[in-house]
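What follows is each chain in one-letter form.
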There are 4 protein chains.
Amino acid sequence: MKFRVKSTLQYKVTDNSTFVFNISVLQSPTQSIIEETFSIVPAQKTEEFLLKDGSPKSVRIVSEENKSLTINYSALVDKKYELINKQNLTTVKTSDIPLSILPYLLPSRYCQSDKLIRLAQDKFGNIKNAYDSVRAICSWIHKNVDYVSGSTGSETSAFDTVTQREGVCRDFAHLGIALCRALTIPARYVSCYAYNLTPPDFHACFEAYLGGRWIVFDATHLAPLNGLVKIGIGRDATDVAVATIYGNVSFLSMEVSNQVQEEGFTPLFFEDLEEEGLTF
Amino acid sequence: MKFRVKSTLQYKVTDNSTFVFNISVLQSPTQSIIEETFSIVPAQKTEEFLLKDGSPKSVRIVSEENKSLTINYSALVDKKYELINKQNLTTVKTSDIPLSILPYLLPSRYCQSDKLIRLAQDKFGNIKNAYDSVRAICSWIHKNVDYVSGSTGSETSAFDTVTQREGVCRDFAHLGIALCRALTIPARYVSCYAYNLTPPDFHACFEAYLGGRWIVFDATHLAPLNGLVKIGIGRDATDVAVATIYGNVSFLSMEVSNQVQEEGFTPLFFEDLEEEGLTF
Amino acid sequence: MKFRVKSTLQYKVTDNSTFVFNISVLQSPTQSIIEETFSIVPAQKTEEFLLKDGSPKSVRIVSEENKSLTINYSALVDKKYELINKQNLTTVKTSDIPLSILPYLLPSRYCQSDKLIRLAQDKFGNIKNAYDSVRAICSWIHKNVDYVSGSTGSETSAFDTVTQREGVCRDFAHLGIALCRALTIPARYVSCYAYNLTPPDFHACFEAYLGGRWIVFDATHLAPLNGLVKIGIGRDATDVAVATIYGNVSFLSMEVSNQVQEEGFTPLFFEDLEEEGLTF
Amino acid sequence: MKFRVKSTLQYKVTDNSTFVFNISVLQSPTQSIIEETFSIVPAQKTEEFLLKDGSPKSVRIVSEENKSLTINYSALVDKKYELINKQNLTTVKTSDIPLSILPYLLPSRYCQSDKLIRLAQDKFGNIKNAYDSVRAICSWIHKNVDYVSGSTGSETSAFDTVTQREGVCRDFAHLGIALCRALTIPARYVSCYAYNLTPPDFHACFEAYLGGRWIVFDATHLAPLNGLVKIGIGRDATDVAVATIYGNVSFLSMEVSNQVQEEGFTPLFFEDLEEEGLTF
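Attention here is on the structure that accompanies the text. Quick caveat, the model's predicted, so the values are computed rather than measured. (Residues numbered from 1 in each chain as written. Chains lettered and ligands numbered in written order. Predicted model: local features only at pLDDT ≥ 70, side-chain atom pairs only at ≥ 80, totals over all residues. Heavy atoms only, no water.)

Looking now at the relation of the copies chain D and chain A. Superposing chain D onto chain A requires a rotation of 180° together with a translation of 0.0 Å along the rotation axis, leaving an RMSD of 0.0 Å. On the angle and the small slide along the axis, the relation comes out as a two-fold axis. Of every C-alpha in chain D, the one belonging to R109(D) sits nearest the axis of rotation, 1.9 Å from it. Looking at chain D, 100% of its interface residues are interface residues in chain A too, so the copies touch through the same face. (Least-squares fit on C-alpha atoms with pLDDT ≥ 70 in both. Contact = heavy atoms within 4.5 Å.)

Each partner contributes to the interface: chain A provides 16 residues, whereas chain B provides 16 residues. Both sides of the chain A and chain B interface together cover about 1500 Å² of buried area, and 45% of this is carbon and sulfur. Considering only the side of chain A, the residues that lose the most area to chain B are R118(A), T163(A) and R165(A), jointly responsible for 41% of the buried surface there. Joining chain A to chain B, the criterion identifies six salt bridges. A salt bridge links E166(A) to R118(B); the nearest nitrogen and oxygen atoms lie 2.8 Å apart. Inspection of the chain A/chain B interface yields five residue pairs in polar contact (both at pLDDT 80 or more). Mapped by element, the contributors of at least two residues to the side of chain A that touches chain B are α1 (117-124) and α3 (158-164) of chain A. When residues in the side of chain A that touches chain B are grouped by element, the largest group, five residues, is from α3(A). Looking at the side of chain A that touches chain B residue by residue, the class counts come to five nonpolar, three polar and eight charged. (Buried area = accessible area lost by both parts, 1.4 Å probe. Salt bridge = Lys/Arg side-chain N within 4 Å of Asp/Glu carboxyl O. Polar contact = N/O pair within 3.5 Å; in protein donor to acceptor, adjacent residues only side chain to side chain. Helix = DSSP H or I, 4+ residues; strand = E, 2+ residues; numbered from the N terminus. Nonpolar A, V, L, I, M, F, W, Y, C, P; charged D, E, K, R; others polar.)

For the rest of this paragraph, the subject is the side chain of S191(D). Residues and elements named next belong to chain D. With respect to the helices and strands, S191 occurs in strand β10 (residues 187-193). For S191, a relative accessible area of 7% puts it in the buried group. The contacts of S191, once residues within four sequence positions are left out, are H203, A204, V229, K230, I231, G232 and V240. (Buried < 20%, exposed > 50% of the residue type's maximum accessible area, 1.4 Å probe, protein only.)

For the rest of this paragraph, the subject is the interface of chain D and chain A. Each partner contributes to the interface: chain D provides 31 residues, whereas chain A provides 31 residues. When chain D packs against chain A, the two sides together hide about 2600 Å² of surface, and 58% of this comes from carbon and sulfur. Looking only at chain D, the three residues that lose the most surface to chain A are L99(D), R109(D) and Y246(D), adding up to 26% of its buried area. Our count for the chain D to chain A interface comes out at six salt bridges. Among the salt bridges present, the one from D114(D) reaches R109(A), with a minimum N-O distance of 3.1 Å. At the junction of chain D with chain A, the criterion picks out 16 residue pairs in polar contact (both at pLDDT 80 or more). Counting residues per element, the side of chain D that touches chain A draws most heavily on strand β4 (residues 46-49) of chain D, at three residues. For the side of chain D that touches chain A, the class distribution of residues is twelve nonpolar, nine polar and ten charged.

All right, on to the sheet that holds strand β5 (residues 58-63) of chain A then. All names here are of chain A. The strand order across the open sheet built from four strands is β4-β5-β2-β14, with neighbouring strands paired in antiparallel fashion. The open sheet is flanked by β4 (46-49) and β14 (243-246), the only strands paired with a single partner. When the angles between neighbouring strand axes are averaged without regard to direction, this sheet yields 20°. As paired elements, strand β2 (residues 17-21) and β14 share four bridges and run antiparallel to each other. Paired with F19 across the strands is I245, a residue of β14. (Pairing = 2+ DSSP bridges. Axes fitted to C-alpha atoms, helices over the stretch in contact; angles between N-to-C directions.)

Let's shift gears to the nonpolar core. Core analysis: the largest hydrophobic core is formed by 139 residues, its most contacted members being L210(C) and L210(D). With sequence-adjacent residues up to four places away left out, L210(D) is seen in contact with L89(D), T90(D), V92(D), A130(D), Y131(D), V134(D), I185(D), I215(D) and F217(D). Counting 138 residues, the second-largest nonpolar core is a separate cluster that includes F206(A), W214(A), V92(B) and F49(C). (Core = buried A, V, L, I, M, F, W, Y, C linked by side-chain atoms within 4.5 Å.)

Glancing now at helix α2 (residues 130-144) of chain C. Residue and element names in this part refer to chain C. With 15 residues, α2 should cover 21 Å at 1.5 Å per step; its first-to-last C-alpha distance of 21 Å lies within 8% of that length. Burial within α2 is extensive, with eleven of its 15 residues counted as buried. Of the residues making up α2, those classed as buried are A130, Y131, S133, V134, R135, A136, I137, C138, W140, I141 and N144. You can read the cap of α2 off the contacts: a side-chain oxygen lies 2.9 Å from the backbone nitrogen of Y131, and it is on N129. (Expected span 1.5 Å × (residues − 1).)

All names here are of chain D. Strand order in the open sheet formed by four strands is β3-β6-β1-β15, and the pairing between neighbours is antiparallel. Looking along the sheet, the strands with just one partner apiece sit at the ends: β3 (31-41) and β15 (249-260). Across the sheet, the axes of successive neighbouring strands diverge by a mean angle of 10°, strand direction being ignored. Inspection of the sheet shows strand β1 (residues 2-13) paired to β15 by eleven bridges, in the antiparallel sense. Bridge pairing links F3 to V260 in β15.

Before going further, it helps to spend a moment on the relation of the copies chain A and chain B. The two copies are related by a screw operation: chain A maps onto chain B through 180° of rotation and 0.0 Å of translation along the axis, at an RMSD of 0.0 Å. The residues that chain A uses at the interface reappear at the interface of chain B in 100% of cases, marking a shared surface.

With that out of the way, let us pick up the side chain of T18(B). On the secondary structure map, T18(B) appears in strand β2 (residues 17-21). A polar contact is formed between the side chain of T18(B) and the side chain of T94(C), at a distance of 2.8 Å. Reaching out from T18(B), the side chain makes a polar contact with the backbone nitrogen of S95(C) at a distance of 3.4 Å. Not counting residues up to four positions away in its chain, the partners in contact with T18(B) are R60(B), I61(B), V62(B), T244(B), I245(B), Y246(B), T94(C) and S95(C).

Turning to the pattern of salt bridges, a few remarks are in order. Residue and element names in this part refer to chain A. Counting across every chain of the model gives 59 salt bridges over all chains. Ionic pairing is found between R213 and E82, a salt bridge with its closest N-O pair at 3.5 Å. Within this pair, whereas R213 is found in strand β12 (residues 213-217), its partner E82 is found in strand β7 (residues 82-85), the two being separated by 131 residues in sequence. Judged by relative accessible area, R213 falls into the partly exposed class, the value being 32%. Relative accessible area serves as the criterion here: at 41%, E82 is assigned to the partly exposed category.

Counted according to the given criterion, the structure contains 66 aromatic pairs over all chains. The interplanar angle of 85° and the centroid separation of 6.5 Å between the aromatic rings of F124(B) and W140(B) together place this pair among those described as edge-to-face. With F124(B) in helix α1 (residues 117-124) and W140(B) in helix α2 (residues 130-144), the pair connects residues that are 16 residues apart, well separated along the chain. Here the two residues F124(B) and W140(B) agree in accessibility, since each one is buried. Linked through ring pairs, Y11(A), F19(A), F21(A) and F251(A) together constitute an aromatic cluster. The residue whose ring lies beneath K115(C) is F159(C), and the NZ or CZ to ring-centre distance is 4.1 Å. Stacked on the ring of Y104(D), the Lys or Arg R188(D) has its end atom at 5.8 Å from the ring centre. (Phe/Tyr/Trp six-rings, centres within 6.5 Å; stacked < 30°, edge-to-face > 60°. Lys NZ or Arg CZ within 6 Å of the ring centre and 35° of its normal.)

Within β2(B), five of the five residues are buried, which leaves it mostly tucked inside the rest of the structure. Alternating residues of β2(B) divide into S17(B), F19(B) and F21(B) and T18(B) and V20(B), and every residue in both groups is buried.

Turning our eyes to something else, we now look at the environment of R188(A). Residue and element names in this part refer to chain A. Examined against the element boundaries, R188 turns out to sit in strand β10 (residues 187-193). In contact with R188, other than residues within four places in its own chain, are Y104, I177, R181, C205, F206, E207, W214, K230, I233 and G234. Side-chain polar atoms of R188 contact the side chain of E207, separated by 2.8 Å.

Before going further, it helps to examine helix α1 (residues 117-124) of chain C. Turning to α1(C), its buried residues are L119(C), A120(C) and F124(C). The buried residues of α1(C) occupy an angular sector of 95° when the element is viewed end-on, so they sit on one face. Considering only its buried residues, α1(C) is in contact with α2, α3 (158-164) and α4 (169-182) of chain C together with α3 (158-164) of chain D. (Arc of directions from axis to C-beta.)

Now the structure itself:
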């Protein structure tokens, strides 16, 4: 299924500044980029880099002072996904988790899984099937945490959200990740373009490592899982910030969209996936 | 019912030091002190003070350096209590709470009720009877928080315990208080001598203001409520620390006991009080 | 010297709500209220209360739903102050601090003096005169913490401000108090009407207990110390919140002023008080 | 210069458990491993992995229950180092930092550089030479933070240490890293075997990216910089934990050593390196 994703970011640059953007679509076996443009007005040299598999494709821009800067990104993406029956989405034992995936078990700044172990074990420790566990985590978050724009900030962590019970997509993802790791299920943060998100914005969800595959989850229930176009993955939001800025810059505006380009797209929401996990 | 309470505290004083102890039994209409001794070895001048109704009766001692100091406290206390049917233990509206009790609605260092409002409302906000609400809070704490000696410290607060789910009597009390205040029920910390506590130690529980009376609760379920002998009340543990020490002092040992002095004592535990609240 | 202080607060009340205001001027030997009005539009029953010496004179109002509520407070106050030479503003030993003042040595939610002891001792522990110590604390805060409106919130504490180094008057006061207590100097929070404050707002400063008297300090350096009209004192901001509201209410607007009513007022700022502390 | 490093770790394994150890010496251009043994008693299958350049060489072991497990590691290492004059150790602009190094500018769980920016700028922002800045950071930490064994734990972060002012090597490194990042100097955590450390233990220090090279710093001043044998680098301690354990295991004992194997080793301490940075 083809999707057109776009983002436009505008800044006022006061002093010489360096930007690192993570807004480009990730190239992967299930996500092929048919065409892609990254343009800056006024024109500017860019450097692209990709630190490792799954990392977002970062772009560095260096801007002189006293400029208005507009970043335009657009991509046409062909996405495939697979549905895996939950019987195959079992817990992978710590002795068998691939070595490159072990770091996704560790606590991180926003996902302090080491402080949530008793809670996670109490609430979700007795569920037999691992896919059901992660779905139970998402249902619990969705039921207990209110989605409130602007309620949280750059210091809010899973440890806060589990009690304060309000947040945005980033907070929902962090809490989901932290609870998975507290159950010894590897989990990672995914930044993405979500189909039909209201209001339009960059989105975040998470993946859990079940039965030897990364399965996608979104505790906000706001977007169809098969309409997510991945930007990149990380241990938590730190690794995939939309923009990191060194210098003196004012943010002016942002537009984000993700539109399907073919007929016949059947959105698959959390509710539709009781028996099968989605991987992409 | 008469109880004999005793405590012995031993210290090694390196430099000139000042101690403030809160270990004396509170004199109150329901708690009469028949006899009481507070002695220090070697003998030492003491100053007693009581800041306001309900505050513990504090004792200040000033010790010279290079001493071993032993504090012996003993009291024979006659306690009365009343059982109030829960139909009378209703929520007191904020417009009707006596003005001197309003401070017990405010958050405090260890009872950050302002950060637990959504959680408290979600879990306990729909229970009709106020006594049932506070019992539900205590049952929830008892079920979800493990009593683990030494698991927490002087910085642990209700906000930590609600997620980390382990603690001692002090932490159980702080969480109960914080959840009550988050439901707009005044609540306060009570330090006490608990009958038959194992292992013997000073104890903490809390009171909630229901139907115009202070009703006692103990989420640890470790001690009969009608065997608690009060030392003092405060907004949280800060106000009633067993000992506050200014100087260079090593703690050596502590003994605490509370023994019934009459026949026929029928202990009333949390489980026994579904229909009636206990006030003393 | 006579001052006219005024405040006007406007709210939109959605549901039945209870307000507790701490905006009235404190009556004290050095602060006599010549005339005072507290009016509510539309008219409303009020209850006044004063919990203990120095506590603000609180006022409770109960409002029905669907009202716009305007609170008008105005007072004409005659203030006296005394200047005490710093030779007399020595440290009071913990053995000699009056018993009612000992609680102002304890840590509190926003003034975690127990976590600042090493820092306070390192920076200010070797200053001989206690008044000089507290002045050094204020100078350090003024030099190192930026006054930035809106930079902090209701959770910001001295432990945050000492590192993050931005805040408003409340944060400056909390940090000053915490550092004093970490030096074993009793300190308390003072809410007040400050003369000529720009922009106009309620103000906060603090008092330290030196040489047997409460001496006033203001690490913001924004207002003359002899122009402060006290509303009340507390262990920290929790005890003297301008308004505590139970119910569903929107804040609309606020006006605050403090104007001198006589000729010949000579403002005394922090800079003017190197040798003498001011008490009022 | 050749060093013999050794470590022995003993555990009692109650249930089937998985261990990940980061105790092997890192192979690098300046650190060649002449011989190396990693043995387990009783013998056990091991899996080695190295996630990326600089990551520690991790080893996974899976143990059955009811075993005593002893891990013995020993290596003979030849280390080279270079001294670089500080004139060449200048700040690398964010526009020029190699893309793979940019992540070492980001805040992490234990190094919340985003919360230390004002403090770092105030204290160290005006030092011209970047090497001097990082030395000033180390001197400040050494002067203001006390090395106190057991004073901190797995939750202690740079934000705590900057105020609480006590800690161990891990805390000294975290604070150094956080202050560097707050000055926009990339910095990373280094776990190592330190020559002659008293008492013997694994050690931690940090590297800052200056003039296009990673220069090593140790704010504890406890070990010569040219005697450090690297285990691995990470964003903070999370990435290079000596042992991560999944299962039910008791720690029994640990021995660690690093001894020079040639004559003529001249230790270079912090004090000796005013003009030149050491890279290895």
